[in-house]
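The residues making up each chain are set out below.
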Amino acid sequence: MVEQDAPVALVTGAARGIGKGVAASLLRAGWSVAITDIDEAAGQAAAEELARLCGAAGRIEFICMDVADEASVMACLERIEEDFGRLDGLVNNAGIADPDNGPIEQLSLEAWNRLLGTNLTGAFLVSKHALGLLREASGAIVNIASTRALQSEANTEAYAASKGGLVALTHALAVSLGSAVRVNAVSPGWIDTRDTQQQRTDPLRAVDHQQHAVGRVGQPADIGALVVFLLGPGAAFITGQNLVADGGMTRQMIYVE
């Protein structure tokens, strides 16, 4: 049985990848979780899979939402209040994941605005409309940024700007909200979000793992464990921070011989 007073988290963009892994970690930690995604079919399938994997560890519900559409965001938060009656944690994970925007001279304003609208403005909108419930619960927000906020490959301006903005939004919100709602960011490095079948048929190379000080590429559960901690009471003295979870990749100097 799921405890009626179990804490409730909202994880956006959780139909797959890191968001789905975060939701699984929260469920196993005893949270009830509302997952959202713009892809209704994939989101519903993810909720059903998570319910099977996690058993009765927590209640799981899918809500279709477009984080870049304020009306959709408002409707989602209204439903969470109706269905759960509370909100203790928000994980702003939804985003357009492809960082390659091509040469900057060819990057259209439409494409730029679309990526920032989802990756950055979406986090602002969901946070804005979740604050009422989060304040009541003395809750917490975790924004999923990226190590690409700190370093870049060529032709990734829009993605890097969106994630850098998300890190800045994190500390700005933390200061504005003070003791009412803690706000932190997690910047994942290389996380293998492919399904099990893909990982088996196309395994990562030894050199991929060797780029990490811990000796391996990351998994969604690595980010999930950190999010569970940041949303919980053990992180009560942590706010406004960007925690890099990259297996030491950005700290390891690599010389190609």
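Described in the following lines is the structure provided in the data block. From a predicted model like this one, the values you see are computed outputs, not experimental measurements.

**Focus: the overall build of the chain**
Of the regular secondary structure elements, the chain holds eight helices and seven strands. Radius of gyration (C-alpha) of the chain: 18 Å, near the 18 Å computed for a compact globule of 257 residues. Expressed as lengths along the three principal axes of its C-alpha atoms, the size of the chain is roughly 60 × 40 × 40 Å. Within the chain, the proportion of its 257 residues that are buried is 46%. Within the chain, residue pairs in contact and separated by at least 24 positions form 75% of the contacts whose partners lie at least 6 positions apart. About 12800 Å² of surface is accessible on the chain, with carbon and sulfur atoms providing 52% of the total. For the chain, the distance from the average site of its 18 positive side-chain charges to the average site of its 30 negative ones is 5 Å.

**Digging into the packing of aromatic side chains**
Scanning the entire structure with this criterion turns up zero aromatic pairs. Between the NZ or CZ atom of Arg59 and the centre of the ring of Phe84, over which it lies, the distance is 4.2 Å.

**Topic: the pairing of strand E1 (residues 8-11)**
Burial of E1 is two-sided: the residues Val8 and Leu10 facing one way and the residues Ala9 and Val11 facing the other way are all buried. With four bridges joining them, E1 and strand E2 (residues 32-37) adopt parallel strand pairing. Its bridge partner being in E2, Val11 is matched across the sheet by Ile35. Handedness of the crossover joining E1 and E2 through helix H1 (residues 17-28) is recorded here as right-handed.

**Quick look at the sheet that holds strand E4 (residues 89-92)**
Taken together, seven strands build an open sheet; the order of strands is E3-E2-E1-E4-E5-E6-E7 and the sheet is parallel. Strand pairing shows two members of the sheet lacking a second neighbour, strand E3 (60-64) and strand E7 (242-245), which therefore form its edges. Each strand axis lies, on average, 20° off the axis of its neighbour in the sheet, ignoring direction. Taken together, the five bridges between strand E5 (residues 140-144) and strand E6 (residues 182-188) define a ladder with parallel strand orientation. Bridge pairing in E6 places Ala140 opposite Arg182. Its contacts with the sheet place H1 against E1, E2, E3, E4, E5 and E6, and it is angled at close to 170° to E1.

Analysis parameters
- Residues take numbers from 1 onward in each chain, read along the sequence in its written order.
- Local features in a predicted model are, by the rule used here, given only for residues with pLDDT of at least 70; side-chain atom pairs are given and counted only at 80 or more, and totals for whole chains, interfaces and linings are based on all residues.
- As a convention, hydrogens and water are excluded, and side-chain values are obtained from all of the structure's heavy atoms.
- Secondary structure elements follow DSSP: runs of H or I no shorter than four residues count as helices, runs of E no shorter than two count as strands, and numbering proceeds from the N terminus.
- The atom set for the radius of gyration is the C-alpha atoms, and the globule formula is 2.2 Å times the number of residues raised to the power 0.38.
- Think of it in three bands: residues with accessible area under 20% of the maximum for their type are buried, residues over 50% are exposed, and the middle band is partly exposed, with areas taken using a 1.4 Å probe on protein chains only.
- Contacts: residue pairs with any heavy atoms within 4.5 Å of one another.
- For every accessible area listed, the method is Shrake-Rupley and the probe measures 1.4 Å; residues are considered covered only by the protein chains on display.
- Only four residue types enter the charge count: Lys and Arg as positive, Asp and Glu as negative, with His and the chain ends excluded.
- Taken as the charge centre is NZ of Lys, CZ of Arg, CG of Asp or CD of Glu, depending on the residue.
- Ring pairs shown here join Phe, Tyr and Trp side chains whose ring centres sit within 6.5 Å, with only the six-membered ring taken for Trp; geometry is labelled stacked below 30 degrees between planes, edge-to-face above 60, and tilted in between.
- The rule is short: NZ of Lys or CZ of Arg within 6 Å of the ring centre and within 35 degrees of the ring normal puts a charge over the ring.
- Here, strands pair whenever DSSP counts at least two bridges between them.
- Orient the strands so they point away from the viewer; a crossover is then right-handed if the path from the first strand over the helix to the second runs clockwise.
- Axes here mean lines fitted to C-alpha atoms, for a helix over just the part in contact, with angles spanning 0 to 180 degrees between N-to-C directions.

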